[in-house]
Amino acid sequence: MKKLATSLLAAAAAVAITGAAQAADAKACFIYVGPIGDYGWSYQHHQGLLDVEKAFGDRVETAYLESVAEGADAERAIERFARSGCDIIFTTSFGYMDATNKVAARFPDVKFEHATGYKRESPNVATYNSKFYQGRYVQGQIAASVSETGVAGYIASFPIPEVVRGINSFILGAQSVNPDFSLKVVWVNTWFDPGKEADAAKALIDQGVDILTQHTDSTAPMQVAEERGIKAFGQASDMYAFGEQTQLTSIIDDWGPYYVERVQAVLDGTWESHDVWDGMAEGHVAMAPYWNMPYEVAAMAKKTATAITVGVLEPFTGPITKQDGTEWLAEGETADIGALLGMNFYVQGVDDQLPE
Amino acid sequence: MTRIELVRRPQHSALFSVLSPFIAVLITALIGGIMFAMLGKSPIGGLHAYFIEPLTEVWSIHELIIKATPLILIAVGLSVCFLSNNWNIGAEGQFIMGAIAGSVMPVLYPGITGPMVLPLMLVMGMAGGAAWATVPAFLKARFGTNEILSSLMLVYVAELFLDWLVRGPWRNPEGFNFPETRSFHADAILPEMLSASGRAHYGFVFAILAALIVWFMLSRTLKGYEIRVLGESPRAGRFAGFSAKRMVFFAFIVSGALAGLAGIIEVSGAIGQLRPAISPGYGFTAIIVAFLGRLNPLGIVAAGLILALSYLGGEAAQISLGVSDKVANVFQGVLLFSVLACDTLIRYRIRIVRPQPAAAPEPAR
Amino acid sequence: MSPDVIQAILLTVVTAATPLLIAAMGELVVERSGVLNLGVEGMMIIGAVTGFGAAQITGSPWAGVLAAIICGALFSLPFAVLTLSLATNQVATGLSLTLLGLGVAGMIGEQFVGLPGVRLEAVNVPFLVDIPLIGRLLFGQDPIFYLSIGLAVGVWWFIFRTRAGLTLRAVGDSHGSAHALGINVLRVRYLAVMFGGACAGLAGAHLSLVYIPQWVENMTAGRGWIALALVVFASWLPLRVVIGAYLFGAVTIAQFHAQAQGVAIPSQLLSALPYLATIVVLVLISSNRRMTMRNTPASLGKPFVPDR
């Protein structure tokens, strides 16, 4: 009993000490939709938080909440952060859009950054996103160069513009190498279910694809590809460890630079609302090292990535025909941002019907 | 071997009815404190974050009420089901279908406004939940199909149906093809009770009303008697002239309607639009709430508030202590186990039996 | 379609079905003893994380399998103590066990995130494995598949052909009469619950060592619930659990093939098919009422407190 009492006293002292240590200049807070252990979307955002800690050390305090369900829970979590002294709050899922804006209206002194959304109803809300589709174009080129069957498989999560854009960019890249290349798409209706993703991967391989790419978060498809001896692309993070004979490259969501930049802006007092859609040029989308492919293919991929980075190549440049055969973009024409943001149609070459 | 033996009390212990929740909290605090200490966190700070912090601020109490509302509404309905021996595990699906049916007006007919919209939505929500609950009821009454399974399977179907709606036909035409319906117009939003201090809406009033009505029905009416008799012994119920089949429908429709009401209240009061995921598992958590409340609607109100507190406390602990949400889940699990275990004291005395010193000869049977 | 492709598809179905089969077989024994444990999902994820962890630390996948079985059984104990010794409500306690399991597994697993796992390699019987169409199906699968078949046969034999199985059924059908006959009802139920835990643990190990050799949070993704459904679906008959698991696996896999073939049906409807199919089959089975009644453990879910 005495021992317990001492430990409780020590604990109380510890509270007092941690209380005193909170002398940071700013507090940055993050809300994740999944567990940081998903090794995908939420994991990468958390890497961004770690970058913030690395960059500012004691100057910036951080906090996060993981697995916050969209809906009523999200609004409460954001409000809790706003009340607990956060200076800037990153809400990292599309589904937090309305909750972020509602809370932001009530806390004008706190800065809010919402990922992948489009609503900025008060001046203290900014939105940000990354042009992942740029990486998909590079992947498409690699796929068409490496594939023997001329068919790739795409494990897709939900038919939202973000995913459709990735599919279209992938097939456009592939067609720039092999005009007859085609793409099979399977929708698994989940962002994260390793078993289901593995099942979909196997089904696609059995249907004759010899390259896999995914827009879901787990490493399961990579492992299936490794087991079956075909090639695959990673997603969100470098999944090389899960497919050393398999991973061609991976699109890496690197949120770190953006988070550091925005926290710096808060420290400097220069933070302003904006809508940012950055890509390779700003370092927010990066390609993992190119493995398991001939030297020439890797060289071509690097060249393409560089061209996109410096801005001489835009994946969505005409002529592009929609799946139904109508013309979308004329020769040399580029897509406007609204069409990209709301994309809900396939371009030619996708062997699938887009769910309506 | 030392073992535990239960001795049935002649009647429920009034003392332990009151005491057992407190003993449970004490046990949880002890285990939780040890767990926090093992993680290198302050036990006192942890317990403070869990049980006290969410209650120290007005806005947080509003949030507590918001979180508890769907849990109480669903669990009250489930108590009717469980007492009558109908194992409705699919309240989550009924919640979703209620939300969908209730949203027909603001989503498909946004031009129709006025004070009648909201009552109509609530009624349609109840109808939607009840209709979805009728399916397992019908299958059970007509074919003897096990309702645990059919109601559970229908949860997945409802989730996918909602998913299809918000990505397809009901998608917001101005929403850049993102998966959500248009935001409800002002007349379709359940108003806040005290909007100056927080966002708690009138849903909680419905939850309390539902608890009172069902409590009255269960304890003061013939219907309540019928529910209990059929639940305890269908045979006895038949002799008393009650129809087990009709009871199946009654129980499922009541609990489906309340789950559906919870669904439309959550969407209209707390979210403001339909989206692919509208419930973090309320329908399943409510099953626990129903039993924590000992299947008594008034107990369920308390249980719903306690469980809601443990969610909020978990979040508070994540932020103020930096523990992960896994710790919060474990803590919640420990709390539930302690409460369930301590409730045993109401009905039984516990005797620890020590091993016999020598093998006494067994009396012949 | 070539025989190789057909075999590959069948293999996928079997892999998808195996964890369901194992967990359901364990739960069947539990329910036959008159206990309803809704904590399958929780015990399964404990098996997945401890199996992965043990294999990672020792480098041996078999150590993982063993650890998963033991930890699954141990993790069922809190449920057993509460529902059996303290006579708490089984539905609520089982649900709480699932909550606790997901939390504990997440805590244990934090150190394993992002590590490629150790794979339990498939058995390959030389020559026989090359037989077209059935070679790999019969002679080239992972060891847990063979265990699952052995388990199914063993459970069937135990329940219907042994004295102990008769005791188990007696306890499940009427604990009062069983007690009067001098059977130690609670001991039988303790053993049954732990067996169920061990099976759920093994099913979890299949997920994290064979199906997808990695650890990620919530990787069971509701499979424990499907296993529970399968037991009822099978009206508590082991053979039907096998059929049900493979049927469920087949429908799950078929929807992906339909999509890859470009079938224009909303994918949500395809995803819902396994659940709808389960309901339909269940209705068909349950219309034969006498058959169902005979196999339903009459004491299912009711607590038993021996009077003294």
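What you see is a predicted model, and the numbers here were worked out from it, not measured in a lab.

(A) Inspection of the side chain of Ser 93 of chain A at higher detail. Among the secondary structure elements, Ser 93 of chain A is positioned in the loop between β3 (88–91) and α4 (97–106). When near neighbours in sequence (up to four residues on either side) are disregarded, Ser 93 of chain A contacts Val 33, Glu 70, His 114, Ala 115 and Thr 116 of chain A.

(B) Broad picture of unusual backbone geometry. The residue after Gly 318 of chain A, namely Pro 319 of chain A, is reached through a cis peptide bond having omega 5 degrees. Residue position: Pro 319 of chain A is located in the loop between α10 (295–310) and β13 (320–321). At Leu 295 of chain B, a residue that is not glycine, the phi angle is positive and equals roughly 60 degrees. Secondary-structure assignment places Leu 295 of chain B in the loop between α12 (282–292) and α13 (297–321). A positive phi is found at Trp 236 of chain C, a non-glycine position, where the angle reads about 60 degrees. Mapped onto the elements, Trp 236 of chain C comes out in the loop between α11 (223–233) and α12 (238–260).

(C) A look at the packing of aromatic side chains. Counting across every chain of the model gives 39 aromatic pairs over all chains. The interplanar angle of 65 degrees and the centroid separation of 5.9 Å between the aromatic rings of Phe 158 of chain A and Trp 191 of chain A together place this pair among those described as edge-to-face. Separated by 33 residues along the polypeptide, Phe 158 of chain A in the loop between β6 (151–156) and α6 (161–177) and Trp 191 of chain A in the loop between β7 (182–187) and α7 (194–206) bring together distant segments of the chain. Phe 158 of chain A sits in the buried class, given a relative accessible area of 9%. Ring centres 6.3 Å apart and planes at 45 degrees place the aromatic pair Phe 36 of chain B and Tyr 50 of chain B in the tilted group. Of the two residues, Phe 36 of chain B sits in helix α1 (residues 14–38) while Tyr 50 of chain B sits in helix α2 (residues 43–52), which places them 14 residues apart along the sequence.

(D) Representation of the pairing of strand β4 (residues 111–115) of chain A. All names here are of chain A. For β4, a buried count of 4 out of 5 residues is recorded, marking the element as mostly surrounded by other parts of the structure. Where β3 and β4 come together, 4 bridges link them in parallel fashion. Paired with Ile 88 across the bridge in β4 is Lys 111. This β-α-β element, β3 to α4 to β4, shows right-handed connectivity. Looking at chain direction, β4 and strand β5 (residues 125–130) are connected through 4 bridges and run parallel. Along β5, the bridge assignment pairs His 114 with Thr 127.

(E) Geometry of the UniProt feature "domain: ABC transporter substrate-binding protein PnrA-like" (unreviewed entry) in chain A. In the numbering used here, UniProt assigns the feature "domain: ABC transporter substrate-binding protein PnrA-like" (unreviewed entry) to residues 27–288 of chain A. Helix makes up 40% of residues 27–288 of chain A and strand 24%. Its end C-alpha atoms lie 31 Å apart.

(F) Quick peek at the interface of chain B and chain C. Of the residues lining the interface, 46 residues belong to chain B; the matching set on chain C comes to 47 residues. Between chain B and chain C the total buried area reaches about 4100 Å² when both faces are included, carbon and sulfur atoms providing 76% of it. For the chain B face of the interface with chain C, the top three residues by lost area are Leu 149, Lys 326 and Phe 337 of chain B, together amounting to 17%. Counting across the chain B and chain C interface gives 2 salt bridges. Here chain B and chain C share 3 residue pairs in polar contact (both at pLDDT 80 or more) between them. Elements supplying a minimum of two residues to the side of chain B that touches chain C: β1 (3–8), α6 (117–143), α7 (147–167), α12, α14 (325–347) and β2 (348–353) of chain B. No other element matches the 13 residues that α14 of chain B contributes to the side of chain B that touches chain C.

(G) Molecular detail of the interface of chain A and chain C. The interface of chain A with chain C comprises 33 residues on the first partner and 34 residues on the second. When chain A packs against chain C, close to 2900 Å² is buried across both sides, 55% of that on carbon and sulfur atoms. Where chain A meets chain C, there are 2 salt bridges. In this structure, the salt-bridge partner of Asp 193 of chain A is Arg 223 of chain C, at a minimum N-O distance of 3.7 Å. Where chain A packs against chain C, one counts 10 residue pairs in polar contact (both at pLDDT 80 or more). Only β7, α7 and α8 (220–228) of chain A provide two or more residues apiece to the side of chain A that touches chain C. When the residues that make up the side of chain A that touches chain C are grouped by side-chain class, the tally is 15 nonpolar, 7 polar and 11 charged.

(H) Summary view of the pattern of salt bridges. If you walk through the whole model with that rule in mind, you get 31 salt bridges over all chains. Residue Glu 110 of chain C is joined to Lys 326 of chain B by a salt bridge in which the shortest nitrogen-to-oxygen separation is 3.9 Å. In this pair, Glu 110 of chain C sits in the loop between α5 (90–109) and α6 (135–139) while Lys 326 of chain B sits in helix α14, so the two residues belong to two different chains.

(I) Focus on the packing of α7 of chain A against α8 of chain A. Residues and elements named next belong to chain A. Where α7 contacts α8, the axes come no closer than 8 Å and their chain directions differ by 40 degrees. Judged by the inter-axis angle, α7 sits oblique to α8. Helix-helix and strand crossings are classified by hand; for α7 and α8 the assignment is right-handed. In contact with Pro 194, Glu 197, Ala 198, Ala 201, Lys 202, Ile 205 and Asp 206 of α7, α8 contributes Ala 220, Pro 221, Val 224, Ala 225 and Arg 228. Of the residues assigned to the contact of α7 with α8, the class counts are 8 nonpolar, no polar and 4 charged.

(J) Seen up close, the UniProt feature "transmembrane region" (unreviewed entry) in chain B. Following the UniProt record, the feature "transmembrane region" (unreviewed entry) maps to residues 12–39, 59–83, 95–112, 118–139, 148–166, 200–218 and 248–271 of chain B here. Helix makes up 100% of residues 148–166 of chain B and strand 0%, whereas the separation of the span's terminal C-alpha atoms amounts to 28 Å.

(K) Structural view of the packing of α12 of chain B against α5 of chain C. Running from N to C, α12 of chain B and α5 of chain C cross one another at 130 degrees; their axes reach a closest spacing of 9 Å. Between α12 of chain B and α5 of chain C, the crossing angle belongs to the class labelled oblique. Relative to α5 of chain C, α12 of chain B is oriented so that their crossing is left-handed. Along the contact surface, α12 of chain B presents Phe 284, Ile 287, Ile 288 and Phe 291 of chain B, while α5 of chain C presents Val 91, Ala 92, Leu 95, Ser 96 and Leu 99 of chain C. Class assignment for the residues of the contact of α12 of chain B with α5 of chain C results in 8 nonpolar, 1 polar and no charged.

(L) The sheet that holds strand β10 (residues 247–253) of chain A, seen in detail. Residue and element names in this part refer to chain A. Pairing is mixed in the open sheet, where 7 strands are placed in the order β12-β10-β9-β8-β6-β7-β15. At either margin of the open sheet sits one strand with a lone partner, and together these are β12 (285–287) and β15 (350–351). For β10 and β12, the ladder comprises 3 bridges, and the chain directions are antiparallel. Looking at β12, one finds that Ile 251 is bridged to Met 287.

(M) Here's a closer look at α14 of chain B. Relative to the 33 Å expected for 23 residues at 1.5 Å per residue, α14 of chain B spans 35 Å between its end C-alpha atoms, a close match to the ideal helical length. With 21 of 23 residues buried, α14 of chain B lies mostly within the body of the structure.

Cut-off values and rules
Residues numbered from 1 in each chain as written. Chains lettered and ligands numbered in written order. Predicted model: local features only at pLDDT ≥ 70, side-chain atom pairs only at ≥ 80, totals over all residues. Heavy atoms only, no water. Helix = DSSP H or I, 4+ residues; strand = E, 2+ residues; numbered from the N terminus. Contact = heavy atoms within 4.5 Å. Phe/Tyr/Trp six-rings, centres within 6.5 Å; stacked < 30°, edge-to-face > 60°. Buried < 20%, exposed > 50% of the residue type's maximum accessible area, 1.4 Å probe, protein only. Pairing = 2+ DSSP bridges. Right-handed = clockwise from strand over helix to strand, strands pointing away. UniProt positions renumbered as here; feature names shortened; annotations may be inferred. Buried area = accessible area lost by both parts, 1.4 Å probe. Salt bridge = Lys/Arg side-chain N within 4 Å of Asp/Glu carboxyl O. Polar contact = N/O pair within 3.5 Å; in protein donor to acceptor, adjacent residues only side chain to side chain. Nonpolar A, V, L, I, M, F, W, Y, C, P; charged D, E, K, R; others polar. Axes fitted to C-alpha atoms, helices over the stretch in contact; angles between N-to-C directions. Parallel < 35°, antiparallel > 145°, perpendicular 65-115°, else oblique. Left-handed = near helix turned anticlockwise from the far one by under 90°. Expected span 1.5 Å × (residues − 1).

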